[in-house]
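Remarks on the overall topology
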Amino acid sequence: MNPLLSERVDFFGSEFYSAILDVIRTNPNSADLRRYAASFIQLLVGAHGQDLVQRLNQKLFTEAPDDIPIFDDISGMFRLEFNRVGLTALELLLEEKRTFNTDEHATISELLSAVAQKILENIFSTVLDYQSLIDNHFRYLYSPRTEWAKFTKMVIFLRATHEYISNQLKQVEQLPNQGYYHDLQRCTDLDIEISAIGTANYNSLIETVAPSTKLEIE
């Protein structure tokens, strides 16, 4: 990695990424693997590039006279194309569910692609601040006429979130046998009558765990 971008990047020294590059070199037709390799570089540029851009904009010249205004007028000229940063990674995550052969007959390209997919999922699920995204953009759901672009982005995000959670419900049999939802099953034994339930969850999982409980979700 160019030291101008970052003085230390351990990623390219990892055996995992070196293996990806080696497979691409020997098998140029590994289209999926090429996309994964590119997506990691995009994310890396986005993470370190913003710091570089800020330093360049703040210190375009090492020395400049304070009494000549043109040097202030041209500040902030460097920009990072955030619409391209992580675009490939998002495409890989949002496309139709990707399945890879990982049994004993799998190729090295298939195995590395499966690992790369899981790494991208972990990156986006742990690094991105979804709470801030919702807090900062939820109001645009109420102003589609004046904020159409932001409105559609928020709707798409919520739709994708809803589909993801709905797909997780198919694995409901894997839930633990005990949890705070299960406590509702004991209400009858404790002579507790439930008239209404409020929940911040985005699913009706409570009805599966406690069938006697009815929940209305708006």
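Residues numbered from 1 in each chain as written. Predicted model: local features only at pLDDT ≥ 70, side-chain atom pairs only at ≥ 80, totals over all residues. Heavy atoms only, no water.

**Description of helix α4 (residues 87-94)**
For α4, the full list of buried residues reads Thr88, Ala89 and Leu92. Within α4, the buried residues cover an arc of 100° as seen down the axis, which keeps them to one side. Of the surrounding elements, those touching the buried residues of α4 are α2 (31-58) and α5 (108-126). (Buried < 20%, exposed > 50% of the residue type's maximum accessible area, 1.4 Å probe, protein only. Helix = DSSP H or I, 4+ residues; strand = E, 2+ residues; numbered from the N terminus. Arc of directions from axis to C-beta. Contact = heavy atoms within 4.5 Å.)

**Brief notes about the side chain of Ser109**
You can see Ser109 is positioned in helix α5. Classification of Ser109 by relative accessible area gives buried; the value is 14%. Beyond its immediate sequence surroundings of up to four residues, Ser109 is in contact with Val23, Ser30 and Leu33.

**Concerning the nonpolar core**
Core analysis: the largest hydrophobic core is formed by 14 residues, its most contacted members being Ile20, Leu33 and Leu120. Every element with two or more residues in this core is listed here: α1 (15-26), α2, α4 and α5. (Core = buried A, V, L, I, M, F, W, Y, C linked by side-chain atoms within 4.5 Å.)

**Things to note about the packing of aromatic side chains**
Inspection of every chain in the model, using the stated rule, returns 4 aromatic pairs. Look at Tyr17 and Phe40: their rings are 6.5 Å apart centre to centre, the planes differ by 80°, and that puts the pair in the edge-to-face class. Separated by 23 residues along the polypeptide, Tyr17 in helix α1 and Phe40 in helix α2 bring together distant segments of the chain. Grouping residues by exposure puts Tyr17 and Phe40 together as buried. (Phe/Tyr/Trp six-rings, centres within 6.5 Å; stacked < 30°, edge-to-face > 60°.)

**Some thoughts on the packing of α2 against α5**
Between α2 and α5, whose axes approach to 9 Å, the crossing angle comes to 30°. By the angle class used here, α2 and α5 are roughly parallel. By crossing handedness, the relation of α2 to α5 is classed as left-handed. Here Asp32, Leu33, Tyr36, Ser39, Phe40 and Leu43 of α2 come into contact with α5, specifically with Ser109, Leu112, Ser113, Ala116, Gln117, Ile119, Leu120, Ile123 and Phe124. Here the contact of α2 with α5 is composed, by residue class, of 10 nonpolar, 4 polar and 1 charged. (Axes fitted to C-alpha atoms, helices over the stretch in contact; angles between N-to-C directions. Parallel < 35°, antiparallel > 145°, perpendicular 65-115°, else oblique. Left-handed = near helix turned anticlockwise from the far one by under 90°. Nonpolar A, V, L, I, M, F, W, Y, C, P; charged D, E, K, R; others polar.)

**Focus: the side chain of Thr88**
When you line up the elements, Thr88 lands in helix α4. What makes Thr88 buried here is its relative accessible area of 14%. Among the polar contacts listed, one links the side chain of Thr88 to the side chain of Gln42, at a separation of 3.0 Å. In this structure, Thr88 is in contact with Arg35, Ser39 and Gln42, ignoring residues within four places of it in sequence. (Polar contact = N/O pair within 3.5 Å; in protein donor to acceptor, adjacent residues only side chain to side chain.)

**Looking at the pattern of salt bridges**
All told, the structure shown has 2 salt bridges when counted by the stated rule. Its salt-bridge partner being Lys118, residue Glu121 comes within 3.4 Å of it at the nearest N-O pair. Here Lys118 and Glu121 lie together in helix α5, a separation of 3 residues that amounts to about one turn. Judged by its relative accessible area of 32%, Glu121 is partly exposed. Lys118 gets classed as partly exposed once you look at its relative accessible area, which sits at 47%. (Salt bridge = Lys/Arg side-chain N within 4 Å of Asp/Glu carboxyl O.)

**What to know about unusual backbone geometry**
Located in the positive-phi region is Asp191, a residue other than glycine, with phi close to 60°. For Asp191, the position within the fold is in the loop between α7 (148-168) and α8 (205-209). Classification of Asp191 as exposed rests on a relative accessible area of 74%.

**What to know about a nonpolar patch on the surface**
A surface patch of nonpolar side chains, about 440 Å² in accessible area, is lined by Leu56, Leu60, Phe61, Met77 and Phe78. Note on placement: Met77 falls in the loop between α3 (70-73) and α4. By relative accessible area, Met77 is classed as exposed at 57%. (Patch = residues over 30% accessible without salt bridge, like charges linked within 9 Å, V, L, I, M, F, W, Y side chains within 5 Å. Areas by Shrake-Rupley, 256 points an atom, 1.4 Å probe, with all protein chains shown as cover.)

In short, shape yes, function no, at least from these values alone.
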